[in-house]
Amino acid sequence: RRRRRFAPLLAAAAVLVLVAGGVIIGTNEDTEDDPIAAVVQADDAVSHSVSGEIGDLEFWYSPEEEAVVLVGDSLEPAPADATYQVWLVNDGGFTSLGTFEPEPDGSMEMRGDGIDPTGSTIGITVEPVGGSDHPTSPPVAESIV
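All values derive from a computational prediction rather than experimental measurement. (Residues numbered from 1 in each chain as written. Predicted model: local features only at pLDDT ≥ 70, side-chain atom pairs only at ≥ 80, totals over all residues. Heavy atoms only, no water.)

(A) Region of interest: the overall build of the protein. When helices and strands are counted, the protein shows 2 helices and 8 strands. When the helices and strands of the protein are read in sequence order from the N terminus, they spell out α-α-β-β-β-β-β-β-β-β. (Helix = DSSP H or I, 4+ residues; strand = E, 2+ residues; numbered from the N terminus.)

(B) Region of the structure containing empty space enclosed by the protein. Evaluated as defined, the whole model comprises 1 cavity of 30 Å³ or more. Quantified by volume, the largest cavity comes out at close to 40 Å³. Residue composition of the lining of the largest cavity, by class: 7 nonpolar, 1 polar and 1 charged. (1 Å grid on protein atoms, 1.4 Å probe; cavity = no way out; pocket = protein on both sides within 12 Å on 5 of 7 lines; lining within 4 Å. Points joined across faces, edges and corners; volume = space filled by probe spheres on them. Nonpolar A, V, L, I, M, F, W, Y, C, P; charged D, E, K, R; others polar.)

(C) Just the sheet that holds strand 5 (residues 93-100), in detail. Overall, antiparallel pairing links the 8 strands, which are arranged 5-4-7-8-1-2-3-6 in an open sheet. Pairing within the sheet leaves two strands with one partner each, and these edge strands are strand 5 and strand 6 (108-113). Taken pair by pair, the neighbouring strands of this sheet meet at an average axis angle of 25°, ignoring direction. (Pairing = 2+ DSSP bridges. Axes fitted to C-alpha atoms, helices over the stretch in contact; angles between N-to-C directions.)

(D) The pairing of strand 3 (residues 67-72), seen in detail. Extensive coverage of strand 3 is indicated by the burial of 5 of its 6 residues. Pairing of strand 2 (residues 55-62) with strand 3, which is carried by 6 bridges, proceeds in the antiparallel orientation. Note on strand 3: the bridge partner recorded for Trp 60 is Val 69. Linkage of strand 2 to strand 3, two consecutive antiparallel strands, is achieved through a turn of 4 residues, within which Glu 66 is found at a positive phi near 50°. Pairing geometry for strand 3 and strand 6, over 6 bridges, is antiparallel. From the neighbouring strand, Gly 72 faces strand 6, where its bridge partner is Met 108. (Buried < 20%, exposed > 50% of the residue type's maximum accessible area, 1.4 Å probe, protein only.)

(E) Here's a closer look at the pattern of salt bridges. Following the criterion strictly, the structure yields 2 salt bridges and no others. Residues Glu 65 and Arg 111 are paired through a salt bridge, measuring 3.6 Å at the closest nitrogen-oxygen approach. One end of the pair, Glu 65, is in the loop between strand 2 and strand 3; the other, Arg 111, is in strand 6, with 46 residues separating them in the sequence. Judged by relative accessible area, Arg 111 falls into the partly exposed class, the value being 26%. (Salt bridge = Lys/Arg side-chain N within 4 Å of Asp/Glu carboxyl O.)

(F) Here's a closer look at the nonpolar core. Ranked by internal contacts, the top residues of the largest apolar core, which has 21 residues, are Leu 57, Leu 70, Phe 100 and Ile 124. Among the secondary structure elements, those contributing two or more residues to this core are strand 2, strand 3, strand 4 (82-90), strand 5, strand 6 and strand 7 (121-128). Once residues within four sequence positions are removed from consideration, Leu 70 is found in contact with Val 50, Leu 57, Glu 58, Phe 59, Val 86, Phe 100, Met 108, Glu 109, Met 110 and Ile 124. Ranked by size, the runner-up nonpolar core spans 5 residues in total, among them Val 39, Trp 60, Ala 67 and Val 69. (Core = buried A, V, L, I, M, F, W, Y, C linked by side-chain atoms within 4.5 Å. Contact = heavy atoms within 4.5 Å.)

(G) Region of the structure containing the environment of Val 39. Relative to the elements of secondary structure, Val 39 occurs in helix 2 (residues 35-40). Under the relative-accessibility criterion, Val 39 is labelled buried at 0%. As a C-alpha pair, Val 39 and Ser 62 span 23 residues in sequence and 5.7 Å in three-dimensional space.

(H) Expanded view of the environment of Pro 63. By the element assignment, Pro 63 lies in the loop between strand 2 and strand 3. For the pair Pro 63 and Thr 118, spaced 55 residues apart in the sequence, the C-alpha separation amounts to 9.9 Å.

(I) The arrangement of the side chain of Ser 62 in detail. Along the chain, Ser 62 falls in strand 2. A polar contact is formed between the side chain of Ser 62 and the side chain of Asp 44, at a distance of 2.7 Å. In contact with Ser 62, other than residues within four places in its own chain, are Val 39, Ala 42, Asp 44, Ala 45 and Ala 67. (Polar contact = N/O pair within 3.5 Å; in protein donor to acceptor, adjacent residues only side chain to side chain.)

This is a description of form; function is not addressed.
Here you go:
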(Lines give C-alpha, C1' and ligand atoms only; values in the text may rest on other atoms or scores of the structure.)
Protein backbone atom coordinates (compact mmCIF):
# COMPACT_ATOMS: atom_id res chain seq x y z
CA ARG A 1 0.00 0.00 0.00
CA ARG A 2 2.79 2.43 0.83
CA ARG A 3 4.30 1.95 -2.58
CA ARG A 4 1.01 2.90 -4.19
CA ARG A 5 0.79 6.13 -2.16
CA PHE A 6 4.30 7.20 -3.03
CA ALA A 7 4.16 6.23 -6.71
CA PRO A 8 2.36 9.45 -7.77
CA LEU A 9 4.80 11.54 -5.71
CA LEU A 10 7.79 9.81 -7.24
CA ALA A 11 6.33 10.27 -10.73
CA ALA A 12 5.73 13.97 -10.06
CA ALA A 13 9.28 14.36 -8.73
CA ALA A 14 10.69 12.66 -11.84
CA VAL A 15 8.71 14.99 -14.10
CA LEU A 16 9.94 18.01 -12.14
CA VAL A 17 13.56 16.87 -12.51
CA LEU A 18 13.11 16.38 -16.25
CA VAL A 19 11.45 19.78 -16.68
CA ALA A 20 14.11 21.56 -14.60
CA GLY A 21 16.84 19.77 -16.54
CA GLY A 22 15.21 20.81 -19.80
CA VAL A 23 15.11 24.44 -18.72
CA ILE A 24 18.78 24.38 -17.77
CA ILE A 25 19.73 22.65 -21.00
CA GLY A 26 17.53 25.05 -22.96
CA THR A 27 19.23 28.07 -21.35
CA ASN A 28 22.68 26.77 -22.27
CA GLU A 29 21.58 26.08 -25.82
CA ASP A 30 20.08 29.56 -26.09
CA THR A 31 23.38 31.26 -25.25
CA GLU A 32 25.40 28.90 -27.45
CA ASP A 33 23.19 29.69 -30.42
CA ASP A 34 22.92 33.42 -29.64
CA PRO A 35 26.24 35.28 -29.30
CA ILE A 36 24.45 38.40 -28.01
CA ALA A 37 22.70 36.46 -25.24
CA ALA A 38 25.97 34.74 -24.32
CA VAL A 39 27.40 38.11 -23.28
CA VAL A 40 24.24 39.62 -21.77
CA GLN A 41 23.50 36.49 -19.71
CA ALA A 42 27.10 35.80 -18.64
CA ASP A 43 27.55 35.59 -14.87
CA ASP A 44 30.16 38.36 -14.94
CA ALA A 45 28.34 40.68 -17.38
CA VAL A 46 28.29 44.37 -16.50
CA SER A 47 26.00 46.84 -18.25
CA HIS A 48 26.06 50.58 -18.84
CA SER A 49 23.42 52.84 -20.29
CA VAL A 50 24.38 54.74 -23.40
CA SER A 51 22.07 57.62 -24.22
CA GLY A 52 21.82 60.65 -26.40
CA GLU A 53 19.87 62.23 -29.20
CA ILE A 54 19.50 58.94 -31.14
CA GLY A 55 17.86 57.19 -28.17
CA ASP A 56 18.83 54.83 -25.38
CA LEU A 57 21.07 51.80 -25.74
CA GLU A 58 22.59 49.28 -23.36
CA PHE A 59 26.28 48.32 -23.47
CA TRP A 60 27.30 44.97 -21.93
CA TYR A 61 30.80 43.68 -21.16
CA SER A 62 31.74 40.15 -20.10
CA PRO A 63 35.39 39.48 -19.23
CA GLU A 64 34.64 35.73 -19.32
CA GLU A 65 33.29 35.97 -22.88
CA GLU A 66 35.99 38.54 -23.77
CA ALA A 67 33.28 40.43 -25.61
CA VAL A 68 31.09 43.50 -25.61
CA VAL A 69 27.52 43.89 -26.84
CA LEU A 70 25.52 46.98 -27.73
CA VAL A 71 21.73 46.73 -28.00
CA GLY A 72 19.07 49.35 -28.54
CA ASP A 73 15.48 49.84 -29.56
CA SER A 74 13.36 52.78 -30.69
CA LEU A 75 16.48 54.42 -32.15
CA GLU A 76 16.39 57.25 -34.63
CA PRO A 77 17.49 56.25 -38.14
CA ALA A 78 20.85 57.53 -39.32
CA PRO A 79 20.75 60.51 -41.71
CA ALA A 80 20.72 59.75 -45.43
CA ASP A 81 24.16 58.76 -46.78
CA ALA A 82 25.46 58.21 -43.22
CA THR A 83 25.80 55.48 -40.61
CA TYR A 84 26.32 55.26 -36.88
CA GLN A 85 29.79 54.26 -35.71
CA VAL A 86 30.60 52.99 -32.20
CA TRP A 87 33.87 54.06 -30.55
CA LEU A 88 35.79 53.24 -27.41
CA VAL A 89 37.72 56.34 -26.37
CA ASN A 90 40.56 56.28 -23.85
CA ASP A 91 44.08 57.65 -23.38
CA GLY A 92 45.23 55.43 -26.24
CA GLY A 93 42.89 57.17 -28.67
CA PHE A 94 39.85 55.92 -30.57
CA THR A 95 39.00 52.29 -31.29
CA SER A 96 36.13 51.59 -33.67
CA LEU A 97 33.78 48.77 -32.70
CA GLY A 98 32.02 49.01 -36.04
CA THR A 99 29.07 50.67 -37.70
CA PHE A 100 25.36 50.00 -37.55
CA GLU A 101 22.03 51.03 -38.99
CA PRO A 102 18.96 50.55 -36.81
CA GLU A 103 16.34 48.15 -38.18
CA PRO A 104 13.09 49.74 -39.45
CA ASP A 105 11.59 49.21 -35.96
CA GLY A 106 14.52 51.14 -34.41
CA SER A 107 16.27 48.10 -32.94
CA MET A 108 19.92 47.16 -33.25
CA GLU A 109 22.42 44.77 -31.72
CA MET A 110 26.09 44.17 -32.28
CA ARG A 111 28.88 42.18 -30.63
CA GLY A 112 32.61 42.82 -30.56
CA ASP A 113 35.10 40.14 -29.48
CA GLY A 114 38.52 40.52 -27.87
CA ILE A 115 37.68 43.94 -26.43
CA ASP A 116 38.21 45.22 -22.88
CA PRO A 117 36.39 48.55 -22.52
CA THR A 118 37.46 49.16 -18.90
CA GLY A 119 38.23 52.84 -18.33
CA SER A 120 36.91 53.88 -21.72
CA THR A 121 34.13 56.15 -22.88
CA ILE A 122 31.66 54.66 -25.34
CA GLY A 123 30.70 57.10 -28.04
CA ILE A 124 28.44 56.82 -31.06
CA THR A 125 28.94 59.26 -33.91
CA VAL A 126 27.38 59.86 -37.31
CA GLU A 127 29.89 58.97 -40.02
CA PRO A 128 29.91 58.55 -43.79
CA VAL A 129 28.61 55.17 -44.99
CA GLY A 130 31.39 52.64 -44.44
CA GLY A 131 32.69 54.41 -41.33
CA SER A 132 35.75 56.53 -40.59
CA ASP A 133 39.25 56.01 -39.20
CA HIS A 134 38.47 58.44 -36.38
CA PRO A 135 35.34 60.31 -35.27
CA THR A 136 34.40 63.18 -37.59
CA SER A 137 31.40 64.45 -35.60
CA PRO A 138 30.44 64.94 -31.96
CA PRO A 139 28.85 61.96 -30.20
CA VAL A 140 25.09 61.48 -30.61
CA ALA A 141 25.16 59.08 -27.62
CA GLU A 142 27.79 58.26 -25.01
CA SER A 143 28.60 56.68 -21.65
CA ILE A 144 31.61 56.15 -19.42
CA VAL A 145 32.43 52.52 -18.66
